[in-house]
Amino acid sequence: MAGSANKRENRARYQANKSQDGVAKMPRKKFYRQRAHANPFSDHTLVYPASPSAMDWSPHYPAFVDEDSSQEAAGPPRLRKDVEIVDIGCGFGGLLVALAPLFPETLMLGMEIRTSVTEFVQERIWALRNKSDGKQYQNAACVRANSMKFLPNFFRKAQLGKIFICFPDPHFKARKHKARIVSTTLNSEYAYALRPGGVVYTITDVQALHEWMVRHFDAHPSFERVPRDEEQADPCVAVMTRETEEGKKVERNQGQKFVALFRRLEDPPW
């Protein structure tokens, strides 16, 4: 406990010193480090909307607020666009920061359960916005959330175009497989949030987990695997492979990366 308190004090001292000159600076990762993984079944005292319509996105994407909606008395201000890309378990935000300039008019969101890591990504994005004089990274944001429990609270049916699942916790022990971010139940939630033609991107350095994810998506009637040639031609795959912190670590260690993409199919007629 003393160590955690010292970490918080050091981070508070660093943040106070960082903001004294009024210039936005990139956060330093060493002040925001936290355990690599968190138990998704624990009570993390999270704040989440009762429904997608109740979510106030305006603090996260201020440049995309619909000014007409801010005059309405009921409900939060609306955005001119919906969030369409989600990075589940975004870590320190490498994928978001790399994708944002490639899709400047597409809103993307990182969902991260760890408090300190979420704070780091938020500060990183704010600093990048300021460094570009507000011209870039307005389309990227991060919230602290448990996607295993609350994904439908944030997104409407068929709202998303892309979901990224990058280097998730492998949960090696069989009794912990229920905590894996890909499962029969969770795949149905991804199918709910994705529009037909939308894609789930997965990458891991653990072959057994890769085979698990492929097996579960292949078995789900709402998904089909994207062919290898199409996968290799997708620019998002190159970014996902190179720009995440875990991806860079695997590269340094000369490890393997296993990639698989799955397309959301049209629902069959009733």
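You'll find the protein chain entered in an unreviewed UniProt entry as tRNA (guanine-N(7)-)-methyltransferase, with Hirsutella minnesotensis 3608 given as the organism. Note on the protein chain: under the UniProt heading Catalytic activity (unreviewed entry), the record states "guanosine(46) in tRNA + S-adenosyl-L-methionine = N(7)-methylguanosine(46) in tRNA + S-adenosyl-L-homocysteine".

So, on to a positive patch on the surface. Taken together, the side chains of Lys173, Arg175, Lys176 and Lys178 define a basic patch exposed on the protein surface. For Arg175, the position within the fold is in the loop between strand E4 (160-166) and helix H5 (184-193). Of the residues examined, Arg175 reaches a relative accessible area of 59% and is grouped as exposed.

Turning our attention to the packing of helix H4 (residues 147-154) against H5. Contact geometry of H4 with H5 gives a least axis separation of 10 Å together with a crossing angle of 20°. The orientation of H4 with respect to H5, classified from their angle, is roughly parallel. Seen from above, H4 lies across H5 with left-handed handedness. Residues Ser147, Met148, Leu151 and Pro152 of H4 form the contact with H5, whose own contacting residues are Leu186, Glu189, Tyr190, Tyr192 and Ala193.

For the rest of this paragraph, the subject is the sheet that holds strand E5 (residues 194-204). Spatially, the seven strands line up as an open sheet ordered E3-E2-E1-E4-E5-E7-E6, and their pairing is mixed. This sheet does not close on itself; its edge strands, each paired only once, are strand E3 (140-144) and strand E6 (223-225). Neighbour to neighbour, the strand axes of the sheet diverge by 20° on average, direction disregarded. Bridge count for E5 against strand E7 (residues 258-264) is six bridges, and the pairing is antiparallel. When the sheet's bridge partners are listed, Val200 is paired in E7 with Phe262. Those strands touched by helix H3 (residues 115-131) are strand E2 (107-112) and E3, and its axis lies near 160° from that of E3.

Another aspect to go through is the pairing of E5. In terms of burial, E5 is a largely internal element, eight of the 11 residues being buried. Across six bridges, the pairing between E4 and E5 is parallel. Within E5, the position partnered with Lys162 by the bridge is Val199. Regarding topology, H5 serves as the crossover connection from E4 to the parallel E5, and that connection is right-handed.

All right, on to the state of the cysteines then. If you walk through the whole model with that rule in mind, you get zero disulfides. Of the cysteine sulfurs around Cys90, a residue in no disulfide, the closest is that of Cys142, at 3.8 Å.

Next up on the list: the nonpolar core. Judged by nonpolar contacts, the single largest core of 41 residues is most densely connected at Trp57, Tyr61, Leu109, Met111, Phe154, Phe155 and Tyr190. Examining the composition of this core, we find that five residues originate from one element, helix H6 (residues 207-219), more than from any other. Aside from chain neighbours lying at most four places away, what touches Tyr61 is Leu79, Val83, Leu107, Met108, Leu109, Gln138, Asn139, Ala140 and Ala141. Counting 32 residues, the second-largest nonpolar core is a separate cluster that includes Met108, Ala140, Phe167 and Cys236.

Definitions and limits used
- Residues numbered from 1 in each chain as written.
- Predicted model: local features only at pLDDT ≥ 70, side-chain atom pairs only at ≥ 80, totals over all residues.
- Heavy atoms only, no water.
- UniProt positions renumbered as here; feature names shortened; annotations may be inferred.
- Patch = residues over 30% accessible without salt bridge, like charges linked within 9 Å, V, L, I, M, F, W, Y side chains within 5 Å.
- Areas by Shrake-Rupley, 256 points an atom, 1.4 Å probe, with all protein chains shown as cover.
- Salt bridge = Lys/Arg side-chain N within 4 Å of Asp/Glu carboxyl O.
- Lys, Arg positive; Asp, Glu negative; His and termini not counted.
- Charge placed at Lys NZ, Arg CZ, Asp CG, Glu CD.
- Helix = DSSP H or I, 4+ residues; strand = E, 2+ residues; numbered from the N terminus.
- Buried < 20%, exposed > 50% of the residue type's maximum accessible area, 1.4 Å probe, protein only.
- Axes fitted to C-alpha atoms, helices over the stretch in contact; angles between N-to-C directions.
- Parallel < 35°, antiparallel > 145°, perpendicular 65-115°, else oblique.
- Left-handed = near helix turned anticlockwise from the far one by under 90°.
- Contact = heavy atoms within 4.5 Å.
- Pairing = 2+ DSSP bridges.
- Right-handed = clockwise from strand over helix to strand, strands pointing away.
- Disulfide = S-S within 2.5 Å.
- Core = buried A, V, L, I, M, F, W, Y, C linked by side-chain atoms within 4.5 Å.

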